[in-house]
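The lines below spell out each chain.
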Amino acid sequence: MLQLSKLPRMRTLASTEDAYELCRQITAKYAKTFYPSTLLMSKPKRRAIWAIYAWCRLTDELVDGSEAGITTPETLDRWEQQLESVFAGEPVDDPDVALVDALQRFSIDIEPFRDMIAGQRMDLYRSRYKTFEELHLYCYRVAGTVGLMSTSVMGVDTKQYVTPWNQDAYVPTQQAIALGIASQLTNILRDVGEDSRRGRIYLPLDELALFNYTEQDLINGVVDERWRELMRFQIQRARKFYREAEKGISYLSPEVRWPVWAALMLYSQILDAIEKNDYDVFTKRAYVPTPRKLLSLPVAWLRAQAL
Ligand SMILES: CC(C)=CCC/C(C)=C/CC/C(C)=C/CC/C(C)=C/[C@@H]1[C@@H](COP(=O)(O)OP(=O)(O)O)[C@]1(C)CC/C=C(\C)CC/C=C(\C)CCC=C(C)C
Ligand SMILES: Nc1ncnc2c1ncn2[C@@H]1O[C@H](COP(=O)(O)OP(=O)(O)OP(=O)(O)O)[C@@H](O)[C@H]1O
Ligand SMILES: [Mn+2]
């Protein structure tokens with residue numbers, strides 16, 4: 001019996017160097033906040049983060065990008081098989097070559113990658129979330145997982161033990177997940193208008209009801225006191241997750257604390273921008289102006305030293 005998978009490849013894959021360069025380019029193009037942060041890391045770590053970013057970006061593009069219309073559950077099944085192959089040391093596409101190399105250098109678990117695909121699957125079949133519990137699961141899957149993947153590359157401070165009698169380093173897993181969730185909630189609040197035009201509402205419906213604000217109001221882009229109160233509530237919750245994340249940074253290896261503080265500060269300031277826009281996320285896109293971003297870097301550095 002002829003096994004297709006045993007046939008020699010029709011195409012040669014990129015070299016490891018070229019594959020990392022491709023992942024760097026993907027990160028530089030899409031991640032206006034994360035890319036500068038990664039430049040503050042050592043070479044092996046930043047290259048591994050680029051490989052992970054490129055994989056996450058490609059996964060997200062399957063359901064969110066320009067070709068999302070042709071994505072079916074089977075597309076994601078194949079993507080998951082490709083993931084298994086990468087973790088078995090067999091790259092399929094050029095960016096996989098970098099990920100395979102990164103997996104050999106760092107101890108990275110496959111589970112968060114599978115969970116992220118499960119999160120993208122949710123986007124295929126659902127466009128509403130009834131409760132925050134449901135939204136929380138979605139946020140863990142598409143973004144909390146990024147925290148887990150990144151932490152295994154960035155590493156922890158080996159001098160901080162779990163307890164004085166247990167010499168294993170403390171791993172700030174919950175705090176890493178919290179940063180992913182905080183960022184995803186921020187992303188959702190910034191993109192409410194854009195998402196509703198695509199037929200998607202991520203804000204929990206029971207919370208809309210709590211503030212007497214209807215789905216139809218949201219679709220019509222109504223900004224009134226009901227909406228502002230609802231947004232204040234959502235922003236407050238996102239900030240709680242940032243605060244939880246902040247507590248974990250000092251457990252990371254010292255050289256990555258600055259980049260992580262930078263990423264946290266830059267992303268969380270989108271919430272401040274939403275407030276400055278008086279909660280109009282329908283006709284305005286909240287963003288952090290470049291001078292503010294630049295000013296955040298030395299502040300992040302100070303926090304990385306002091307906290
Ligand atoms: C150094 C650093 C910050 C590394 C993380 C870089 C990385 C691998 C990011 C992957 C992002 C990605 C493409 C995920 C796919 C799903 C998705 C789109 C999630 C949203 C990201 C925003 O991406 P983007 O802005 O490009 O999307 P839009 O164009 O706006 O649609 C998310 C909001 C998730 C982002 C996740 C994080 C910020 C988690 C980072 C967590 C850590 C680095 C752990 C830190 C550890 C502790 C203890 C706090
Ligand atoms: N300094 C700026 N001046 C003008 N527009 C900006 C600026 N920063 C961001 N924007 C607008 O906001 C959009 C998203 O910006 P950015 O990529 O920084 O956010 P993000 O996608 O959430 O971050 P990241 O990709 O790092 O996760 C940009 O495409 C642009 O339209
Ligand atoms: Mn982006």
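As the structure is a computational prediction, the values presented were derived from the model and not from experiment.

### What to know about the environment of Cys23
- Along the chain, Cys23 turns up in helix 1 (residues 16-30).
- Not counting chain neighbours up to four residues away, the residues in contact with Cys23 comprise Trp50, Ala51, Ala54, Pro95 and Ala98.

### Focus on the environment of Leu124
- Note that Leu124 resides in helix 6 (residues 111-125).
- Residue Leu124 is classed as partly exposed on the basis of its relative accessible area, which comes to 30%.
- The sequence separation of Leu124 and Thr72 amounts to 52 residues, and the corresponding C-alpha distance is 7.6 Å.

### Observations concerning the side chain of Arg200
- Within the secondary structure, Arg200 is located in the loop between helix 9 (192-197) and helix 10 (205-210).
- Among the polar contacts listed, one links the side chain of Arg200 to the backbone oxygen of Asp123, at a separation of 2.4 Å.
- Arg200 has contacts with Asp123, Arg126, Ser127, Arg128 and Asp195, leaving out every residue within four places of it along the chain.

### Observations concerning unusual backbone geometry
- At Asn212, a residue that is not glycine, the phi angle is positive and equals roughly 65 degrees.
- Assignment of secondary structure puts Asn212 in the loop between helix 10 and helix 11 (215-220).

### Points about the site of ligand 2
- Around ligand 2, the neighbouring residues are Tyr30, Ala31, Lys32, Thr33, Phe34, Arg190, Tyr267, Arg285, Tyr287, Val288, Thr290 and Lys293.
- Contact distances for ligand 2 include 3.5 Å between an oxygen atom and a backbone N or O atom of Phe34.
- Protein contacts shield 66% of the accessible area of ligand 2, which totals 610 Å² for the unbound molecule.
- Both of domain 1 (14-109) and domain 2 (126-307) provide at least three residues apiece to the shell around ligand 2.

The rules behind each value
Residues numbered from 1 in each chain as written. Chains lettered and ligands numbered in written order. Predicted model: local features only at pLDDT ≥ 70, side-chain atom pairs only at ≥ 80, totals over all residues. Heavy atoms only, no water. Helix = DSSP H or I, 4+ residues; strand = E, 2+ residues; numbered from the N terminus. Contact = heavy atoms within 4.5 Å. Buried < 20%, exposed > 50% of the residue type's maximum accessible area, 1.4 Å probe, protein only. Polar contact = N/O pair within 3.5 Å; in protein donor to acceptor, adjacent residues only side chain to side chain. Near = heavy atom within 4 Å. Areas by Shrake-Rupley, 256 points an atom, 1.4 Å probe, with all protein chains shown as cover. Domains from an automatic or database assignment.

So yeah, pure geometry; function would need other evidence.
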